[in-house]
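Structural description and commentary
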Amino acid sequence: MCSNYLVRLNSTPSILLDAPAPWQIGFQDVASPGFEGIVSLHDSIMFYLILILVTKSGIVYKYLNHGTLIELIWTISPALVLIAIAFPSFKLLYTLDEVIDPALTVKVTGHQCYMVPESDLEEGQLRLLDVDNRLMVPVNTHIRFIVTSTDVLHDFAVPSLGIKIDATPGRLNQTSALIERTGVFYGQCSELCGV
Ligand SMILES: [Cu+2]
């Protein structure tokens, strides 16, 4: 799902999806190990969900009557499925939470602000996404983000890196990322923080 404006964005034509595209349904392209884990967890849970949907629809259709055996099966099997989902989910959650020996720390402070008006956008700039000063960080480096806010609740999020963390006044939150490839990665505040 690559849109025209994305190709225009870089001087060399890119097939990577590092910004949201119109009517996009799936994820953006992976640029960090953390996001790789999130996407693979999503994919494996979707596998279970579709399997359950298909088999349950079949069972209800064939054996609509009540029975002790069928009651037992559809009580115990969802419990097992929930356990099968919970284990990899918690494993990923605690893996993402860990910040191991960062080489670089970025302090992120949230402010209420206005987006660049459409009339001020230059050729190749993305509506509601481009900023006046881009943050430049190195690839293949463990980066730690210390996130806070000066006014209201904000949320620092970069989908391609699998980052989404609240920016709270009077509090420091931390998250980390290792960017695996070069690119321009876009993110929006993910909290309702407008005037
Ligand atoms: Cu905000």
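Residues numbered from 1 in each chain as written. Predicted model: local features only at pLDDT ≥ 70, side-chain atom pairs only at ≥ 80, totals over all residues. Heavy atoms only, no water.

1. A few points about the sheet that holds strand 1 (residues 104-110)
Cut-off, in case you're wondering: Think of it this way: DSSP has to see at least two bridges between two strands before they count as a pair. Note on conventions: DSSP H or I runs of at least 4 residues are helices, E runs of at least 2 residues are strands, and numbering of each starts at the N terminus. Every axis in this analysis is a line fitted to C-alpha atoms, fitted for helices over the stretch in contact. Angles between the N-to-C directions lie between 0 and 180 degrees.
As summarised here, the arrangement of the three strands in space is 1-2-5, forming an open sheet in which the pairing is mixed. If you trace the sheet from one side to the other, it starts and ends with strand 1 and strand 5 (173-178), each paired once. Averaged over all pairs of adjacent strands, the angle between their axes in this sheet comes to 25°, without regard to strand direction.

2. Remarks on the packing of aromatic side chains
Just so we agree on the cut-off: Whether two aromatic rings pair depends on their centres lying within 6.5 Å, for rings of Phe, Tyr and Trp, where Trp uses its six-membered ring; planes under 30 degrees apart make the pair stacked, over 60 edge-to-face, and the rest tilted. Only protein chains enter the accessibility calculation, which uses a 1.4 Å probe; a residue whose area is less than 20% of its type maximum is buried, one above 50% is exposed, and one in between is partly exposed.
Under the criterion given, the structure shown has four aromatic pairs. Aromatic pair Phe90 and Tyr94: ring centres 6.3 Å apart, planes at 20°, arrangement stacked. Linking Phe90 with Tyr94, this pair stays in helix 3 (residues 68-97), spanning four residues, or about one helical turn. Classification of Tyr94 as exposed rests on a relative accessible area of 54%. Taking the centre distance of 5.3 Å and the plane angle of 50° together, the rings of Phe145 and Phe156 count as tilted. Linking Phe145 in strand 2 (residues 142-149) with Phe156 in strand 3 (residues 154-158), this pair joins segments that are 11 residues apart in sequence. Taking the relative accessible area as the measure of exposure, Phe145 reaches 3% and is therefore buried.

3. Focus: the coordination of the copper ion
The condition is simple: Any N, O or S atom lying within 2.8 Å of the metal counts as a donor, and for Na, K and Ca the limit rises to 3.2 Å; water is left out, so some sites can look incomplete.
Around the copper ion, the protein contributes the donor atoms His154 (ND1), Cys189 (SG) and Cys193 (SG), at 1.9 to 2.2 Å from the metal centre. Written as a sequence motif, the donor arrangement for the copper ion is H-x34-C-x3-C. Taken as a pair, His154 in strand 3 and Cys189 in the segment after strand 5 lie far apart in primary sequence, 35 residues in all.

4. Side note on the nonpolar core
The test is simple: As used here, the term nonpolar core means buried Ala, Val, Leu, Ile, Met, Phe, Trp, Tyr and Cys residues forming a set that is joined through side-chain atoms within 4.5 Å. Here, residues are in contact when the closest pair of their heavy atoms is within 4.5 Å.
Membership of the largest hydrophobic core comes to 14 residues, with the highest contact counts inside it found for Val108, Phe145, Val147, Phe156, Leu161 and Ile163. Counting residues per element, the ones that place at least two in this core are strand 1, strand 2, strand 3 and strand 4 (163-167). With residues up to four places along the chain from it excluded, the contact list for Ile163 reads Phe145, Phe156, Ala157, Val158, Thr175, Ser176 and Ala177.

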